[in-house]
Every structure is written in C-alpha cells, then in structure tokens.
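Reading the structure
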Amino acid sequence: MQEEQEFIQKLLNSKTQNQAFEKLLNDYQKPLYNHIRNIVLNHDDTDDVLQNTFIKVFQNLKKFKGESKLFSWIYRIATNEALTFLNQKAKKNGVSSEALQNKAIDNLKADAFFDGNEIQIKLHKAIVSLPEKQQLVFKMKYFEELKYEEISEILGTSVGALKASYHHAVKKIEAFVTTN
C-alpha cells in the first residue's frame with residue numbers, strides 16, 4: 001500500500017507525472033484493453049474506450065482517495081466507460097444493448113484481432129443473453145480470472161452476491177449452449 005501511495009504521489013507531482021503516467025500506461029494498457037474488449041467486443045471501440053479511460057484516470061486522479069486499490073479504481077472507470085459507450089452506441093443506432101452486442105459478436109468472425117472459434121462465438125452469444133451484472137461478473141471471473149475480492153472492489157458488490165451472480169450466469173450459459 002505504501003508503494004502505491006508513493007506511485008500516486010508521482011502521478012500527481014508535475015515533475016514526475018509524465019514518467020509515472022507512462023508506467024501506468026505500460027502496466028495497465030494490456031489488461032484494461034482485454035477487460036474493455038470483453039465488454040464492447042469490437043477492437044476499434046475498445047481502443048476508443050481505453051483512451052477515454054486513461055483520460056478520465058488522469059483527470060480524476062486528484063479525487064482518488066485511496067479507499068480501494070488503484071487497480072480497482074481504474075477498472076471501475078474502465079467498466080463504467082465501456083458500459084456507457086455501449087449504451088450510447090445502442091441508443092444512437094436505435095437498438096437494444098443486447099442487439100448491439102449480438103451484431104458485434106456476428107462481426108467477430110471477420111475481426112483480425114479475434115482468434116476464437118465457433119464455440120467461443122456461441123459462448124459470447126450466451127453471455128450477451130445474461131443481465132448486465134451477470135455478464136460483467138462472468139467475464140471478469142472467467143476471461144480475466146480476477147478474484148471475487150477484486151471484482152467486489154471494482155463493482156462495489158459483496159463477494160457473496162458476486163458468487164451467486166457467477167453461479168446463476170454459469171447455469172444460464174450452460175442452458176443456452178446446450179439448447180442452441
């Protein structure tokens with residue numbers, strides 16, 4: 001925790017800010033890309049959301065109180081940015097968020113940055129059929145292998161509720177995959 005506090009001070013200090021922010025980018029760019037990509041599914045959209053996330057982190061760093069880990073705070077921003085982006089894009093296109101995500105899944109086959117197969121496409125379709133919270137919990141646990149405690153800090157939900165959400169998500173996904 002001491003190390004994190006020192007790093008945050010470097011981010012806030014104008015003399016060390018550029019170097020510290022470069023370290024932040026190096027440390028978080030790839031995992032955040034993967035996290036956002038799991039939510040928005042499209043590479044170009046992911047890049048846009050990732051950029052917005054880092055801008056928000058930079059703009060709001062002074063407001064970070066250290067009540068959670070920096071990792072959790074940044075992931076919460078990325079999650080909110082991704083969900084906001086999806087909702088705005090769906091609204092702009094006059095479709096539901098689920099319809100938008102299904103279209104994105106259909107486009108995955110042609111995406112040079114997607115290396116999955118038909119089974120993964122089916123899995124993504126099953127995930128999109130879940131309520132938003134279950135989607136997030138499942139993706140963070142299954143794809144990103146985050147611990148429940150980390151997800152709890154990011155989403156502000158109890159570990160027990162997260163375990164229940166994940167369990168329900170798995171059951172619904174199993175049912176979807178076997179019937180479709």
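Residues numbered from 1 in each chain as written. Predicted model: local features only at pLDDT ≥ 70, side-chain atom pairs only at ≥ 80, totals over all residues. Heavy atoms only, no water.

**A word on the side chain of T79**
Note the cut-off: For the purposes of this entry, the term helix denotes a DSSP run of H or I that reaches at least four residues, the term strand denotes a run of E that reaches at least two, and both are numbered from the N terminus. Remark: exposure states derive from per-residue accessible area (1.4 Å probe, protein chains only) relative to the maximum for the residue type, with buried under 20%, exposed over 50%, and partly exposed in between. We call two N or O atoms a polar contact when they sit within 3.5 Å, provided that within protein one can donate a hydrogen and the other can accept it, with sequence-adjacent residues counted only if both atoms are side-chain atoms. In what follows, residue pairs with any heavy atoms lying within 4.5 Å of each other are defined as contacts.
Within the secondary structure layout, T79 lies in helix α4 (residues 70–92). Given a relative accessible area of 2%, T79 falls into the buried group. Only 2.8 Å separates the side chain of T79 from the backbone oxygen of Y75, close enough to count as a polar contact. The residues contacting T79, other than those within four sequence positions of it, are H35, I39, L136, I154 and L155.

**Considerations on the packing of aromatic side chains**
How we decide: Here is the rule: rings of Phe, Tyr and Trp (six-membered ring for Trp) pair when centre to centre is within 6.5 Å. Planes less than 30 degrees apart are stacked, more than 60 are edge-to-face, and the remainder are tilted. Working rule: Lys NZ or Arg CZ, within 6 Å of ring centre, within 35 degrees of ring normal, means a charge sits over the ring.
Counted by the stated rule, this structure contains 9 aromatic pairs. Both rings, one in F21 and one in F54, keep their centres 6.4 Å apart while their planes meet at 80 degrees; by these two values the pair is edge-to-face. In this pair, F21 sits in helix α2 (residues 17–40) while F54 sits in helix α3 (residues 43–60), placing the two residues 33 residues apart along the sequence. The class of F54 is buried, set by a relative accessible area of 7%. Judged by centre distance (5.0 Å) and plane angle (50 degrees), the rings of F64 and W73 are tilted. What links up through ring pairs into an aromatic cluster is the set F138, Y142, F143, Y148 and Y166. A cation over a ring is seen here: K23 above F7, with NZ or CZ 5.9 Å from the ring centre. If you follow K141 out to its NZ or CZ, it ends over the ring of Y148, 4.6 Å from the centre.

**Points about the packing of α2 against α4**
Quick note on the threshold: Structural elements are reduced to axes, namely lines fitted to C-alpha atoms, with helices fitted over the stretch in contact, and the angle between N-to-C directions of any two is expressed from 0 to 180 degrees. The sense of a crossing depends on the near helix, which, turned anticlockwise from the far helix by less than a right angle, makes the crossing left-handed and, turned clockwise, makes it right-handed. Only Asp, Glu, Lys and Arg are considered charged in this grouping, and only Ala, Val, Leu, Ile, Met, Phe, Trp, Tyr, Cys and Pro are considered nonpolar; every other residue, Gly among them, is considered polar.
The contact between α2 and α4 brings their axes to 10 Å, and the two run at 40 degrees. As α2 runs across α4, the sense of the crossing is right-handed. Counting all contacts with α2, which are made through L24, Y28, P31, L32, H35, I36, I39 and V40, the residues of α4 involved are L70, F71, I74, Y75, A78, T79, A82, L83, F85 and L86. Each residue belonging to the contact of α2 with α4 can be placed in one class, and the counts come to 16 nonpolar, 2 polar and no charged.

**What about the confidence of the model for the chain?**
Condition: The predictor's confidence in any single residue is recorded as pLDDT, a number from 0 to 100.
Predicted confidence across the chain gives a mean pLDDT of 90, with 94% of residues reaching 70 or more. For the chain, the element scoring lowest by mean pLDDT is helix α5 (residues 97–108), at 80; α3 scores highest, at 95.

**Overview of unusual backbone geometry**
Leave glycine aside and you will find that most residues have negative phi; peptide bonds, for their part, are mostly trans. Positive phi outside glycine occurs at L41, with the angle close to 70 degrees. Checked against the element boundaries, L41 lands in the loop between α2 and α3. Phi at E145 is positive, roughly 55 degrees, even though this residue is not glycine. Assignment of secondary structure puts E145 in the loop between α7 (132–143) and α8 (148–155). E145 gets classed as exposed once you look at its relative accessible area, which sits at 65%.

**Details of α7**
As a reminder, the rule being used: To estimate how far a helix should extend, the number of its residues minus one is multiplied by 1.5 Å.
A rise of 1.5 Å per residue sets the reference length of α7, with its 12 residues, at 16 Å; its end C-alpha atoms lie 16 Å apart and thus fit the reference within 8%. All of the buried residues along α7 are Q134, Q135, L136, V137, F138, K139 and M140. On its buried side, α7 packs onto α2, α4, α5, α6 (118–128), α8 and α9 (159–179). Directly after α7, the chain includes E145, whose backbone phi takes a positive value near 55 degrees.

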